[in-house]
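Survey of secondary and tertiary structure
As a plain string of letters, each chain reads:
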Amino acid sequence: MAHGSTRPTSRDVAQAAGVSQAAVSLVLGDKWRGRVSAATAERVREAARELGYRPNLAARNLRLGHTRTVLLVVPALTTEFFAGVYTGAARVAARHGFGVVLYPSPEGIGPARNPFASAQAALDGVIASSMAADALTAIRGDQLPLVMLDSDPAGSLGGATVNLDIADGVRQVTEHLLSLGHRRFLHLAADIASWTFEVRAHELATRLAGTPGTSLRTVRAPISIDAARTAAETALAAQDPRPTAIICDDDKLAAGAYKAVRRLGLRIPDDISVTGLDDLALATAIDPELTTVRLDAELFGERGMQALLAVLEGREPEEGDIPVQLVVRGSTAPPSAP
């Protein structure tokens, strides 16, 4: 895509397509029907794609009096985390004359219908969680400026990626538990095919592989308290010697682990330590309060919107993952004697 002074103009598109600039405006503003032929409209769109042309949104919206609109695509709203992401994105958007439309992928993950008849005309850009990547299928076809959250930078669909430093969060949890003396671990992993959860598993295995005398077993469960309880209970009952710490991919899984531990007549943290990752309100609602990793959801949303603004303006987005912080509470302690 061209940048800076070489950025293509509507005149370039008009010349490439062999039409007037007025025709280019009609087609790219989705107001061409009945005024130019479908074949001409397709020729204009193809020329715009090949040139990497995008309308000057600021000028267009000043002229039309429209608010610029960004779509935030997230998994189904089952936790307050993505509400925080929305709050942060909307705060930055408002300062730049944008509105943010929230689109929860109905299944959490999986194909979802494009909610806009013509996303190109209705939207100026998209911010999407990798956990809802399939919901982008219809929108992606319209080649909208895209920023991916929690996404592998090496294989991202977007013009930019914004990530929390999840790997460092897992490192902090692992170092905390190792320093307490734990060596036998159960990883209660989210049963979701998403890069952010692959990072958790890889980092945990790597850290423990570097420490002699450690053992790690992994069981997977959907992110629900009941599913986590069932998976953890089965794993704990079957494993001998029993693990002394359960590392959970998120706080909701940890709440399920709490129930499993109690059903087996064990105590937290006396018999077994449990950790989460998120620091949702749930973390301080359970007893003992949960040792977990605090993720700054609002900052995540802010950085996502800032990255999209950079993509729209042809700038390089801010680099570097967002720091995360271990919060030690009452669910971790040294292991009891074997």
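This text follows the structure it describes.
Residues numbered from 1 in each chain as written. Predicted model: local features only at pLDDT ≥ 70, side-chain atom pairs only at ≥ 80, totals over all residues. Heavy atoms only, no water.

Looking now at the overall build of the protein. Looking only at helices and strands, the protein has 13 helices and 11 strands in total. When each of the 338 residues of the protein is scored for burial, the buried share is 51%. Intrachain contacts of the protein at a sequence separation of at least 6 include 71% that bridge at least 24 residues. Summed over all atoms, the accessible surface of the protein reaches about 15400 Å², with 51% contributed by carbon and sulfur. (Helix = DSSP H or I, 4+ residues; strand = E, 2+ residues; numbered from the N terminus. Buried < 20%, exposed > 50% of the residue type's maximum accessible area, 1.4 Å probe, protein only. Contact = heavy atoms within 4.5 Å. Areas by Shrake-Rupley, 256 points an atom, 1.4 Å probe, with all protein chains shown as cover.)

Let's shift gears to the nonpolar core. Across soluble globular proteins, you tend to see nonpolar side chains buried next to one another. Core analysis: the largest hydrophobic core is formed by 72 residues, its most contacted members being Phe 81, Leu 188, Ile 246, Val 274 and Met 305. Two domains share this core, each providing at least three of its residues, namely domain 2 (66-163 + 298-313) and domain 3 (166-294). Residues contacting Leu 188, with those up to four places away along its chain left out, are Val 219, Ala 221, Ala 228, Ala 231, Ala 232, Ile 246, Ile 247, Cys 248, Asp 249, Leu 253 and Ala 257. One finds Ala 14, Val 24, Trp 32 and Tyr 53 within the second-largest nonpolar core, a separate group that totals 16 residues. (Core = buried A, V, L, I, M, F, W, Y, C linked by side-chain atoms within 4.5 Å. Domains from an automatic or database assignment.)

Of note, Val 261 is situated in helix α11 (residues 251-263). C-alpha of Val 261 to C-alpha of Leu 236: the two residues are 25 residues apart in sequence and 8.1 Å apart in space.

Okay, helix α1 (residues 10-17) next. By the burial criterion, the buried members of α1 are Ser 10, Val 13, Ala 14 and Ala 17. One face of α1 carries all of its buried residues, which in axial projection span an arc of 100 degrees. Set apart from the buried face of α1 by more than 90 degrees, the exposed residues are Arg 11, Gln 15 and Ala 16. Buried residues along α1 sit in contact with α2 (21-28) and α3 (38-51). Of the residues trailing α1, Gly 18 is marked for its positive phi of about 70 degrees. (Arc of directions from axis to C-beta.)

Before going further, it helps to examine the packing of helix α10 (residues 225-238) against α11. Between α10 and α11, the shortest axis-to-axis distance is 7 Å and the interhelical angle comes to 45 degrees. By the angle between their axes, α10 is oblique relative to α11. Crossing handedness for the pair α10 and α11: right-handed. On α11, the residues touching Ile 225, Asp 226, Ala 228, Arg 229, Ala 232, Glu 233 and Leu 236 of α10 are Lys 252, Leu 253, Ala 255, Gly 256, Ala 257, Lys 259, Ala 260, Val 261 and Arg 263. Class assignment for the residues of the contact of α10 with α11 results in nine nonpolar, one polar and six charged. (Axes fitted to C-alpha atoms, helices over the stretch in contact; angles between N-to-C directions. Parallel < 35°, antiparallel > 145°, perpendicular 65-115°, else oblique. Left-handed = near helix turned anticlockwise from the far one by under 90°. Nonpolar A, V, L, I, M, F, W, Y, C, P; charged D, E, K, R; others polar.)

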